[in-house]
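Structural characterization, general
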Amino acid sequence: MNIKQLSMVAVLAALGLGGCANTDVYSGDVYGSSAAGRAQNVTYGTLVSVRPVKIQAGDQNPNVIGTVGGGVIGGIAGSSIGGGTGRSLATAAGAIAGAMVGSKAEEKINQVNAVELEIRTDSGENLVVVQKADRSWQPGQRVRMIGSGSSMSVAPY
């Protein structure tokens, strides 16, 4: 196996692993380890509106795997075109185009279907919580909100 083939296999493996990101952390049914064994507030309310949205996962290092992987694959593909200066230009153009395509592909792969839940609490306050769309919600449905501040999940009541 030559270096080009080995590079291609390594990049494809990295892209494959990037697509295996755990998106369940955005569910109202999944608690982080820091929430286990910890008392949390519970508030009750009624859903006012439900709107489908997307959560863009991978904010910590956005599109790194896709950008680098796409750039490597594009550079390898471009280097097989022409000779001399033409080959160098094709390699550079392939790397740039590959990086752009890889970045966009990873961005799409890292999107999670979600819902924006507007809730009118029993105390009269309106809140909005965004979480993974893993169940059916209807306006008028009674819910309970678990957590406080910036960490809250919604569950049926």
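Keep in mind that what you see is a predicted model, and the values were worked out from it rather than measured.

Turning our eyes to something else, we now look at the overall build of the chain. From N to C terminus, the chain includes 3 helices and 5 strands. Moving toward the C terminus, one meets the helices and strands of the chain in the order α-β-α-α-β-β-β-β. With 157 residues in all, the chain has 28% of them scored as buried. The contacts of the chain with a sequence gap of at least 6 include a subset with a gap of at least 24, amounting to 66%. When the accessible surface of the chain is split by element, carbon and sulfur atoms take 59% of a total near 9,500 Å².

Okay, the pairing of strand β4 (residues 142-148) next. Note: strand β1 (residues 42-56) against β4, 5 bridges, orientation antiparallel. Its bridge partner being in β4, Val-42 is matched across the sheet by Ile-146. In the sheet, β4 pairs with strand β5 (residues 151-156) via 6 bridges, with the strands oriented antiparallel. Within β5, the residue paired with Ser-148 across the bridge is Ser-151.

Before going further, it helps to spend a moment on the confidence of the model for the chain. Looking at the chain as a whole, its pLDDT mean stands at 73, while 54% of the residues score no less than 70. When mean pLDDT is compared element by element in the chain, β1 scores highest at 92, while helix α1 (residues 3-18) scores lowest at 51.

Turning our eyes to something else, we now look at the sheet that holds β5. With antiparallel pairing, the 5 strands of this open sheet are ordered in space as β3-β2-β1-β4-β5. This sheet does not close on itself; its edge strands, each paired only once, are β3 (126-132) and β5. Pairs of neighbouring strands in the sheet enclose a mean axial angle of 40 degrees, with direction left out of account. Direction of pairing for β1 relative to strand β2 (residues 111-121): antiparallel, over a ladder of 11 bridges. Bridge assignment links Pro-52 to a residue of β2, and that residue is Val-115.

A few words now on the pattern of salt bridges. Taken as a whole and assessed by the stated rule, the structure comprises 2 salt bridges. Here Arg-51 and Glu-116 are joined by a salt bridge, their closest N and O atoms 3.0 Å apart. Within this pair, whereas Arg-51 is found in strand β1, its partner Glu-116 is found in strand β2, the two being separated by 65 residues in sequence. A salt bridge links Asp-122 to Arg-142, with the shortest nitrogen-to-oxygen separation between them at 2.8 Å. Placement of the pair is Asp-122 in the loop between β2 and β3 and Arg-142 in strand β4, with a sequence separation of 20 residues. Exposure remark for Arg-142: the relative accessible area of 31% places this residue in the partly exposed category.

About the cut-offs
Residues numbered from 1 in each chain as written. Predicted model: local features only at pLDDT ≥ 70, side-chain atom pairs only at ≥ 80, totals over all residues. Heavy atoms only, no water. Helix = DSSP H or I, 4+ residues; strand = E, 2+ residues; numbered from the N terminus. Buried < 20%, exposed > 50% of the residue type's maximum accessible area, 1.4 Å probe, protein only. Contact = heavy atoms within 4.5 Å. Areas by Shrake-Rupley, 256 points an atom, 1.4 Å probe, with all protein chains shown as cover. Pairing = 2+ DSSP bridges. pLDDT = per-residue confidence, 0-100. Axes fitted to C-alpha atoms, helices over the stretch in contact; angles between N-to-C directions. Salt bridge = Lys/Arg side-chain N within 4 Å of Asp/Glu carboxyl O.

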